[in-house]
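Reading the structure
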Amino acid sequence: MVCVVGIRARAAIIRSQRITGLTAEVITELVAEVGPLWHERHQAELESRRRCQAVGAGTKHELVFIDRLLATLVSLRHGATHDILACWFGVDRSTITRAIGEIRPLLAERGCTIAPDIRLRTVAEVIDHLGADGQTGIIDGTEIRVRRPAAGRKDREKFISGKNKQNAVKSMVVTDAEGRWLFCSPAEPASCADITHARKLGLVKLLANGPAVEILAGAGYQGLGAQTAGRVVTPPHRKFKKNPPEWYEEMHERQRKAPSSHRIRVEHGIGHLKNWRALA
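The present account deals with the structure reproduced in this document. (Residues numbered from 1 in each chain as written. Predicted model: local features only at pLDDT ≥ 70, side-chain atom pairs only at ≥ 80, totals over all residues. Heavy atoms only, no water.)

Focus on the pattern of salt bridges
- Using the criterion set out here, one finds 13 salt bridges in the structure.
- For Glu33, the salt bridge identified is with Arg110, shortest N-O distance 3.2 Å. With Glu33 in helix 3 (residues 24–48) and Arg110 in the loop between helix 6 (93–109) and strand 1 (112–115), the pair connects residues that are 77 residues apart, well separated along the chain.
- On the basis of relative accessible area, Glu33 is assigned to the partly exposed category, the value being 29%.
- Glu178 is paired through a salt bridge with Arg265; the nearest N and O atoms lie 3.9 Å apart. Of this pair, Glu178 sits in the loop between strand 4 (168–176) and strand 5 (181–184) while Arg265 is found in the loop between helix 12 (260–263) and helix 13 (266–273), placing the two residues 87 residues apart along the sequence.
- Members of the salt-bridge network, linked through shared partners, are Glu33, Arg110 and Arg119. (Salt bridge = Lys/Arg side-chain N within 4 Å of Asp/Glu carboxyl O. Helix = DSSP H or I, 4+ residues; strand = E, 2+ residues; numbered from the N terminus. Buried < 20%, exposed > 50% of the residue type's maximum accessible area, 1.4 Å probe, protein only.)

What to know about unusual backbone geometry
- Within the chain, Asp155 stands out as a residue other than glycine whose phi angle is a positive 60°.
- Secondary-structure assignment places Asp155 in the loop between strand 3 (136–145) and strand 4.
- A positive phi angle is found at Ala229, which is not glycine, with a value near 55°.
- Considering the arrangement of structural elements, one finds Ala229 in the loop between helix 10 (224–227) and strand 8 (232–233).
- You can call Ala229 exposed: its relative accessible area is 75%.

Concerning the pairing of strand 1
- Across three bridges, strand 1 lies against strand 2 (residues 118–120) in antiparallel orientation. Looking across to strand 2, one finds that Ala115 is bridged to Ile118.
- Between strand 1 and strand 2, which pair antiparallel one after the other, the connecting turn spans two residues. (Pairing = 2+ DSSP bridges.)

Listed below in structure tokens is the structure:
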């Protein structure tokens with residue numbers, strides 16, 4: 001393989017947290033942990049297919065693993081197009097596309113490290129972690145705007161958000177009571193309702209059959225409380241929708257705002273997530 005980015009340029013990228021969003025120490029950990037996995041999969045792929053190229057044929061400029069990782073981090077952090085990254089790293093756009101497609105799944109499989117010896121990868125692990133420590137969890141859905149899918153693409157209209165009236169993808173974020181990020185789900189088209197997304201992730205079964213965990217949620221998850229024996233706490237439904245009496249308005253507003261001061265902390269986790277322009 002040919003090193004396309006110079007040693008000094010690569011070192012400058014790694015030192016600048018504004019470029020990658022991560023410190024040099026974290027990048028070093030990623031290289032040590034994810035690098036061997038990538039090399040193992042890459043070698044297995046090469047051995048699994050028959051190569052019939054003539055001598056001297058094939059890619060002349062290929063990215064080493066560290067460059068693949070940096071290109072992926074810059075893409076996730078700033079949403080830079082693959083054309084721009086290709087010019088930066090001195091390779092073809094298809095090389096950047098292939099590199100990001102290989103590295104993103106490896107990063108997603110790492111999960112969320114919340115302690116040196118604790119790493120959460122699935123919703124089930126998050127529920128078990130919260131239940132073991134008797135902690136309260138908070139869930140909420142968040143949307144990130146995306147480009148409008150190409151004309152003729154199947155299910156193109158599913159990406160239109162009914163809330164924001166724009167093309168977007170949606171993820172469910174889980175944090176602890178302090179707003180520390182524990183889990184971010186794979187993205188769904190924005191037309192998917194919050195409660196439907198939670199059901200798809202198996203949250204109802206996990207809470208109904210798992211440890212006793214209290215989960216604070218917004219109005220978009222109303223209905224999960226009845227399905228999980230009250231373990232999901234949501235704002236109350238409105239009993240009077242037209243011409244409500246004053247006493248009811250005051251009571252409903254008080255009940256609605258009571259859990260919101262605790263639930264709002266999920267926005268810290270979502271804010272951390274949106275420091276990155278793309279969802280893993």
